[in-house]
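# Observations on the three-dimensional arrangement
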Amino acid sequence: ADPFSFTSGGAPWIDHEWLFQVGVSIAHSLAGPTALVGLRALTIATLAVFLLLVGVRSGLSPAAALVLSLICSAGARGRFFMRPELVTLVIVPMAVWLFLRRSHRSSPLWLAALAGLMIIGANAHGGALVVPPLLAGILAAEIVQMALARHWQQGVCFSGLIGIVTAVGAMLINPYGWRLFAVPIRLSHLVSSDHLPNPEWISPSPAQAPLLSAALVSAVIVMGLRERRLSHWALLVMASALALKHIRNVGLFFVLLPLMIAPALATWRALTTTRDGDGHYQQRTNVLAVVAVAVLALSLAIAPRPRFGTGFAQDYYPDSACSFLDAENLPVGQLYNDVRFGGYLIHRYGPERQVFQDDRNEIHEPLLRRIWEIFQSSDVAGWSNLLAEYGADTALVRYHPPIRVTDPQGTDLGLRGFSTLWFPDRGWALVYWDDVAMVFVRRHTASPNLLERHEYRVLRPDDLAYLEQRLARDPDLLPFVAQEVARAAHANPTSWRAHQIADLIQR
């Protein structure tokens, strides 16, 4: 049963990521966030080395294999979070590679390796459930090719069936048995509903995933010219379908890409190791590899996100806001938190202090449906009643895009901030804000001393369009806004929002 949220009522929870949680908990206990950053770096390095070996074993020169590994690692970089999905990005290509290369192995030890990978994957992240369908698709393509060539290889068919059975059977070795398989099916159904919009589950457009589009076109061209094995084409089709259906699968596509195209690339002489003494092809490849590696390394190093460091990202997690909560001994009652902050709050305060919600959609589906219905109907009173029902007297709110507001007659009233509509000044006081989050307290339960010292009486940092209109109508407010901006900048000297508002009021 869920122990982390006071709104879930102890809902049943299939924690299919328990093994990952245990691993990172042990690492964190040894060296805190630094150990987590190191563990993530080690995992990604392991993946990159594996993709390098795939290229070399497929016939590419080490230089060409290195470039391919780095390109695919860069393509998957957007999914390299410190979260259970990271295990899937390593487990899935390794399992598929074992299956594709099974005819090259003289002993059944590959089945033991496959089983071990699937046991780890099943207990670390539900994404490993894609492996059996991928293996089945590859085997089906192999059978079709044998039928077309009228050359049957019983050993290939038998080993393929045994491999699929082994993968499925190994995944049943988890605390929940067959129920584990129902989790991704239910999640896929939930995120397709209106009340559970999740940006990770959208279908990516070319503008949202340009590297995916470029890689897809390149893979089709390369394989169209050089690849005649239907098994590799089947893998390309399946991996592409996964990535094009949900943007969260883009990383999975890129870590599988070397398995599909490396053998085709290895048919070009310039990309293979020269053995005849004529090294000009190899020399040219090595030069290109050095240039490509330098460009990739530089592009990753100067990327604005994530910044280098070994702690929690200050521009993503509400670390400073939580320090304010701690310093002021808040919350008085329960804490409302945005869904994006739930995991961090569980890490920081759990299990002693429970959260309002986190990003486990299967746990919070009834609550999220209720919230969606309130927002859809603009039911401010219903929202206030919901928070009161759960005793939420303090709120940790992230920034949302401004909302266009109309009056009952349909007149456009302009853009307004999320907090202004759902945490109105008459009932809630803003007592802290930075670039990541805002802290509100309910007026009738808050300490007068707290309000006297910390309340922002004029400024709402997510409602700047309306602030401009107010200042245009009433210039006398300018000194009060300037004072509040200066106070926020003093508390957070690097705050870009504070500097943005300071520039606004100076115009």
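Our structure's up above, just so we're on the same page.
As the structure is a prediction and not an experimental result, all values here were calculated from the model. (Residues numbered from 1 in each chain as written. Predicted model: local features only at pLDDT ≥ 70, side-chain atom pairs only at ≥ 80, totals over all residues. Heavy atoms only, no water.)

## Quick notes on the overall build of the chain
The condition that has to hold: We count a stretch as a helix when DSSP gives it H or I for four or more residues in a row; a strand needs E for two or more, and each element gets its number in order from the N terminus. Three exposure classes are used, based on accessible area relative to the maximum for each residue type with a 1.4 Å probe and protein chains only: buried under 20%, partly exposed in between, and exposed over 50%. Residue contacts are defined here by distance: any two heavy atoms, one from each residue, within 4.5 Å place the two residues in contact. To be clear on the numbers: accessible area is Shrake-Rupley with a 1.4 Å probe, and residue cover counts the displayed protein chains and nothing else. When charges are tallied, Lys and Arg are placed among the positive residues and Asp and Glu among the negative ones, while His and the ends of the chain are skipped. For the purpose of locating charges, the reference atoms are NZ of Lys, CZ of Arg, CG of Asp and CD of Glu.
Helix and strand counts for the chain stand at 20 helices and 6 strands. Once the C-alpha set of the chain is aligned to its principal axes, its extents read approximately 85 × 55 × 50 Å. Looking at the chain as a whole, 48% of its 507 residues qualify as buried. For the chain, contacts bridging at least 24 residues in sequence account for 68% of all contacts bridging at least 6. For the chain, the accessible surface area stands at approximately 25000 Å², while carbon and sulfur atoms represent 62% of it. In the chain, which carries 41 positive and 38 negative side-chain charges, the distance between the mean positions of the two groups comes to 11 Å.

## Concerning the environment of Arg 497
Topologically, Arg 497 is positioned in helix α20 (residues 496-506). Counting along the chain gives 473 residues from Arg 497 to Val 24, while the straight-line C-alpha distance between them is 33 Å. The contacts of Arg 497, once residues within four sequence positions are left out, are Tyr 399, Trp 433, Asp 434, Asp 435 and Pro 461.

## Side note on a nonpolar patch on the surface
As a reminder, the rule being used: In this scheme, patches are assembled from residues that exceed 30% relative accessible area and form no salt bridge. Like charges are connected within 9 Å, while nonpolar side chains (Val, Leu, Ile, Met, Phe, Trp, Tyr) are connected within 5 Å. For this document, the term salt bridge refers to a Lys or Arg side-chain nitrogen within 4 Å of an Asp or Glu carboxyl oxygen.
Residues Trp 18, Leu 19, Val 22, Ile 26, Leu 30 and Ile 120 make up a contiguous nonpolar surface patch of roughly 540 Å² in combined accessible area. You can see Leu 30 is positioned in helix α1 (residues 18-57). Using a relative accessible area of 70% as the deciding quantity, one classes Leu 30 as exposed.

## Structural notes on the packing of aromatic side chains
One pair of aromatic rings is described through two measures. These are the centre distance and the angle between the planes. Selection criterion: Working definition: a ring pair exists when centres of Phe, Tyr or Trp rings (six-membered ring for Trp) sit within 6.5 Å. Plane angles under 30 degrees give stacked, over 60 give edge-to-face, the rest tilted. Look at NZ for Lys and CZ for Arg. If either is within 6 Å of the ring centre and within 35 degrees of the ring normal, a charge sits over the ring.
Going through the model one piece at a time under the given rule, you end up with 22 aromatic pairs. Centre to centre, the rings of Phe 312 and Tyr 317 are 5.5 Å apart; their planes meet at 80 degrees, and the pair counts as edge-to-face. We classify Tyr 317 as partly exposed; its relative accessible area is 28%. Every member of this aromatic cluster is reached through a ring pair, and the members are Phe 6, Tyr 336, Phe 356, Phe 375, Trp 383, Tyr 390, Phe 418, Trp 422, Phe 423, Trp 428 and Phe 440. Note that Arg 102 overlies the ring of Phe 99, its terminal NZ or CZ placed 4.2 Å from the centroid.

## Quick word on the pattern of salt bridges
Opposite charge on two side chains permits them to pair, given that their charged atoms come into close proximity. Scanning all chains against the criterion turns up 20 salt bridges. Here Glu 200 ties to Arg 248 by a salt bridge, and the two come within 3.1 Å at their closest N and O atoms. Note that Glu 200 is positioned in the loop between α7 (182-191) and α8 (210-226) and Arg 248 in the loop between α9 (230-245) and α10 (250-265), a separation of 48 residues in sequence. With respect to burial, Glu 200 and Arg 248 carry one shared label: buried.

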